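Chains, contacts and geometry: an overview
Below, each chain spelled out in residue letters.
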Amino acid sequence: MKNQHDVIIRPIVSEKAYAQAEVANKYTFLVAPSASKPEIRDAVETIFGVRVTSVNTLNRKGKSVRNRRTNQMSKRADEKRAVVTLAEGDEIDLFGS
């Protein structure tokens, strides 16, 4: 079994993620590329002590970027995200505000 902190890498900090957390009780996390939905569910429930209703995942391809100085092309890393919906009444205080 994987360590729970190896599955969940970090929360996604963006305006869209904050809006989803406030309105729809959905939280977005950057997860390990090999993580499955049951592993993500177990990790969030264990780390934060909440009940997870559903897990949706998406794979994002890294952008191609050009170095302005040498004009060489490179690529940003691919990433996997998980949008986790929590049960009614549960919430995660990510930043201790």
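Preceding this paragraph is the structure being described.
Here's what I pulled together on the structure shown here. Note that the structure is a prediction, hence the values are computed from the model and not measured. (Residues numbered from 1 in each chain as written. Predicted model: local features only at pLDDT ≥ 70, side-chain atom pairs only at ≥ 80, totals over all residues. Heavy atoms only, no water.)

**Some thoughts on the pattern of salt bridges**
- This structure, assessed with the given rule, holds four salt bridges.
- Taking the shortest distance from any N to any O, the salt bridge between Asp90 and Arg51 comes out at 3.3 Å. Placement of the pair is Asp90 in the segment after β6 (79-86) and Arg51 in the loop between α3 (37-48) and β3 (52-60), with a sequence separation of 39 residues.
- When the shortest N-O distance is used, the salt bridge between Asp78 and Lys75 registers 2.7 Å.
- The network of salt bridges with shared partners includes Arg60, Glu79 and Arg81. (Salt bridge = Lys/Arg side-chain N within 4 Å of Asp/Glu carboxyl O. Helix = DSSP H or I, 4+ residues; strand = E, 2+ residues; numbered from the N terminus.)

**Structural notes on the environment of Ala77**
- With respect to the helices, strands and loops of the structure, Ala77 is situated in the loop between β5 (73-75) and β6.
- Each C-alpha atom, one on Ala77 and one on Arg60, is 9.1 Å from the other, the two residues being 17 residues apart in sequence.

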